[in-house]
Amino acid sequence: MTARPASAQATVADDRVPARLPRLLPDGFSDKPTCLADHLARYGQPVAPAQSSRRREEFIAEVEIAGLAGRGGAGFPTARKLAAVASRRHAIVIGNGTEGEPASTKDKVLLGRSPHLVLDGAVAAAEIVGATEAIIVAHPAVSDIVAAAVSERRRARLDRARLSVVPAADEFVAGEASAVVHWIERGIPTPKPPGRRLSESGLHGRPTLLQNVETLAHLALITPYGADWFSAVGTVAEPGSMLVTLAGAVRYPGVYEVAIGTPVGEVLSLGGGTSGPPGALLVGGYFGTWVDSVRAAGVPLSAAGLQQVGVGVGAGLIAALPANACGLAETARIARYLASSSAGQCGPCVFGLDAIAGQVERLADGRGPDMARLHRWLGQVGSGRGACKHPDGTVRMIASALALFSREIDHHVRGWCSGSASRAGLLPVPAWSLR
Ligand SMILES: Cc1cc2nc3c(=O)[nH]c(=O)nc-3n(C[C@H](O)[C@H](O)[C@H](O)COP(=O)(O)O)c2cc1C
Ligand code: SF4
């Protein structure tokens, strides 16, 4: 770990942002965007972190000590991405607020309620990597709010970096990093063929720092308040808080900010617990893993904790199914949606996911799937065969369903389903993907 530079030993500047939660979302129930005046009253003036390359290095070291990891799904260390871009000229920053995943709302809620915190983070990131420009790609549901916040800041002449907003394409794969770049460059929301890293050659060939918008919001707070403040919550290995979307069969679905390492059962309690006897949880998002909710209840919501039950944090989604719902029917709907979301560029993704989703549908409907084929295709398609991780993520989710719902599979193969809940579907998928 990097030694802490003396000049970057930022401590809590004042007590306006205590270590307790929430840090990122407004305290209270308002669902209105926080205006600039209220934002500055709560967090203070944003700190322009880096005028010289030495100061930039110090701030990158502070982010490394804080242990900030990306909140967009892959959990990559943010300091490493900052360092890779800061070493190059003509850099640009992109905030990824695409959030194409239908059940996830954490980035929309963050951008909708705390737009200035994300913008503070984008500006801080730009200063750290020596960029003069930052673009926020925001889900269309909240892009106007972010654009209004940018205008407020322009009028107040708050930032040196030029900020702009691009409404995102509302599609699942549009949030993949190279797809975001493709969307800004050419209005095409599909991943680009693998090539050089974005940190070397991204938007218009420029070194590009692309971070999830929640990652930027945390960065905005580490810059003034420092690594010690950041790690006052969370685990030693994974400090900080995270936004979690609770979806499905919970009493109060929504977005909650929790300390990393909070047991999954406690996180569900924030949403009032499950509505009805708990069944399975889909953790991490539609690329995530199905797990038994009783088994998961005591497990810490952290990468290390979830690993004990073979699950990843992913994009911070926990979707609950009641015990009387058919997990295979839910899986079939999500599988069809993900197969239909393929960007149509790689054979294994286009044909493989379609064929796999067809077999999962046969399984869910009791139409006699070919299980041997299904398992073989899952092995073939989910092994890094696409240009992006779409096939891998889809296969991971389906394989975990086949493992968790094995008893239900036996029932379905014999022609009956033990799920008594409506088969209309609990977890959201767009209507166009339903057959
Ligand atoms: C199919 C697909 C969809 C993705 N969608 C999103 C998204 O909507 N938002 C997001 O931040 N990251 C998404 N990602 C992850 C991004 O590629 C990238 O890793 C992330 O934005 C980097 O930011 P972070 O390091 O701050 O997490 C997606 C990845 C894949 C493979
Ligand atoms: S793997 Fe699928 S989603 Fe990813 S680039 Fe290829 S066709 Fe598109």
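Predicted model, so just to flag it, every value in this text is computed and none were measured.

Draft legend 1. Local environment of the packing of aromatic side chains. The tally for this structure, following the rule as stated, stands at six aromatic pairs. A centroid spacing of 5.9 Å and a plane angle of 85° characterise the contact between F172 and Y337, whose relative ring orientation is edge-to-face. On the criterion of sequence distance, the pair formed by F172 in the loop between β3 (162-167) and α7 (177-186) and Y337 in helix α12 (residues 327-340) is long-range, its members being 165 residues apart. Across the pair, Y337 and F172 agree in class, each one buried. Residues Y225 and W229 carry aromatic rings whose centres are separated by 5.3 Å and whose planes lie at 40° to one another, so their mutual orientation is tilted. Of this pair, Y225 and W229 both sit in helix α8 (residues 213-230), four residues apart, which is roughly one turn of that helix. Look at Y225 and you get buried, because its relative accessible area is 2%. On the accessibility criterion, W229 (5% relative accessible area) is buried. Connected via pairs of aromatic rings, a cluster forms that spans F172, Y286, F287, Y337 and W432.

Draft legend 2. Here's a closer look at the pattern of salt bridges. Applying the stated rule across the entire model yields 18 salt bridges. Taking the shortest distance from any N to any O, the salt bridge between E214 and K106 comes out at 2.9 Å. Separated by 108 residues along the polypeptide, E214 in helix α8 and K106 in helix α4 (residues 106-113) bring together distant segments of the chain. In terms of burial, E214 and K106 fall into one category: buried. Here the salt bridges share partners, and the residues they tie into one network are R71, K106, D107 and E214.

Draft legend 3. The arrangement of the sheet that holds β3 in detail. On the basis of which strands lie adjacent, the open sheet formed by four strands has the order β3-β2-β1-β4 and parallel pairing. If you trace the sheet from one side to the other, it starts and ends with β3 and β4 (208-212), each paired once. Neighbour to neighbour, the strand axes of the sheet diverge by 20° on average, direction disregarded. As paired strands, strand β1 (residues 92-97) and β4 are joined by five bridges and run parallel to one another. By the bridge assignment, I94 is partnered in β4 with L210. Packed onto the sheet, helix α6 (residues 143-155) meets β2 (133-138) and β3 and runs at close to 165° relative to β3.

Draft legend 4. Layout of the pairing of β3. Here β2 pairs with β3 via six bridges, running parallel. Each residue of the ladder has a partner; that of V137, found in β3, is V166. In terms of handedness, the path from β2 via α6 over to β3 forms a crossover that is right-handed.

Draft legend 5. Spotlight on the site of ligand 2. The full set close to ligand 2 counts 13 residues, and A343, Q345, C346, C349 and C388 are the nearest of them. When its residues are assigned to classes, the shell around ligand 2 shows eight nonpolar, five polar and no charged.

Draft legend 6. Molecular detail of unusual backbone geometry. With a phi close to 50°, R157 is a non-glycine residue in the positive phi region. On the secondary structure map, R157 appears in the loop between α6 and β3. Using a relative accessible area of 76% as the deciding quantity, one classes R157 as exposed. The backbone phi angle of H204 is positive, close to 50°, even though this residue is not glycine. Examined against the element boundaries, H204 turns out to sit in the loop between α7 and β4. On the accessibility criterion, H204 (57% relative accessible area) is exposed.

Draft legend 7. Broad picture of the site of ligand 1. What surrounds ligand 1 is a group of 19 residues, the closest being G72, K81, Q211, N212 and T215. Within the contact set of ligand 1, an oxygen atom lies 3.3 Å away from a backbone nitrogen or oxygen of R71. At 2.7 Å, a backbone N or O of G72 approaches an oxygen atom of ligand 1. For ligand 1, the protein covers 87% of the area, taking 610 Å² as the surface of the free molecule. At three residues, the largest contribution of residues to the shell around ligand 1 is made by β4. Looking at side-chain class alone, the shell around ligand 1 contains five nonpolar, nine polar and five charged residues.

Draft legend 8. How the structure looks around the sheet that holds strand β6 (residues 254-259). Strand order in this open sheet of five strands is β6-β5-β9-β7-β8, and the pairing throughout is mixed. Each edge of the open sheet is held by one strand with a lone partner, namely β6 and β8 (289-292). Averaged over all adjacent pairs, the angle separating strand axes in this sheet is 30°, with direction ignored. Across four bridges, strand β5 (residues 241-248) lies against strand β9 (residues 317-322) in parallel orientation. Counterpart to G248 in the pairing with β9 is A320.

Draft legend 9. Here's a closer look at the packing of helix α2 (residues 53-66) against helix α5 (residues 115-129). Between α2 and α5, the shortest axis-to-axis distance is 8 Å and the interhelical angle comes to 125°. Put simply, α2 runs oblique to α5. Between α2, through R56, F59 and I60, and α5, the contact on the second element is made entirely by E127, I128 and V129. Counted by class, the contact of α2 with α5 contains four nonpolar, no polar and two charged residues.

Conventions adopted
- Just so you know, the residues in each chain are numbered from 1, in the order the chain's sequence is written.
- Note on labels: chains are lettered from A, ligands numbered from 1, in written order.
- Under the rules for a predicted model, residues below a pLDDT of 70 receive no local features and side-chain atom pairs below 80 are neither given nor counted, while totals for whole chains, interfaces and linings still include all residues.
- Only hydrogens and water are set aside; all other atoms, that is, all heavy atoms of the structure, feed into the side-chain values.
- In this analysis, rings of Phe, Tyr and Trp, with Trp reduced to its six-membered ring, are considered paired at centre separations within 6.5 Å, and the interplanar angle assigns stacked below 30 degrees, edge-to-face beyond 60, and tilted for intermediate values.
- Counting from the N terminus, the helices are the DSSP runs of H or I reaching at least four residues and the strands are the DSSP runs of E reaching at least two.
- Only protein chains enter the accessibility calculation, which uses a 1.4 Å probe; a residue is then buried when its area is under 20% of its type maximum, exposed when over 50%, and partly exposed in between.
- One speaks of a salt bridge when a side-chain nitrogen belonging to Lys or Arg is within 4 Å of a carboxyl oxygen belonging to Asp or Glu.
- Whether two strands pair depends on DSSP finding at least two bridges between them.
- Interaxial angles span 0 to 180 degrees and are taken between N-to-C directions of axes, which are lines fitted to C-alpha atoms, for helices over the stretch in contact.
- Any two residues whose heavy atoms approach within 4.5 Å at even a single point are treated as in contact.
- Clockwise travel from the first strand over the helix to the second, with the strands pointing away from the viewer, marks a crossover as right-handed.
- Here a residue is considered near a molecule or strand provided that any single heavy atom belonging to it is located within 4 Å of it.
- Nonpolar residues are Ala, Val, Leu, Ile, Met, Phe, Trp, Tyr, Cys and Pro. Charged residues are Asp, Glu, Lys and Arg, and all others, Gly as well, are polar.
- In protein, a polar contact means a hydrogen-donor-capable atom and an acceptor-capable atom, both N or O and within 3.5 Å, with residues adjacent in sequence counting only if both atoms are side-chain atoms; elsewhere, any N or O pair within 3.5 Å suffices.
- Throughout, the Shrake-Rupley method with a 1.4 Å probe supplies accessible areas, and for residues the shown protein chains are the sole cover considered.
- By definition in this entry, angles of less than 35 degrees are roughly parallel, angles greater than 145 are roughly antiparallel, angles of 65 to 115 are roughly perpendicular, and the rest are oblique.

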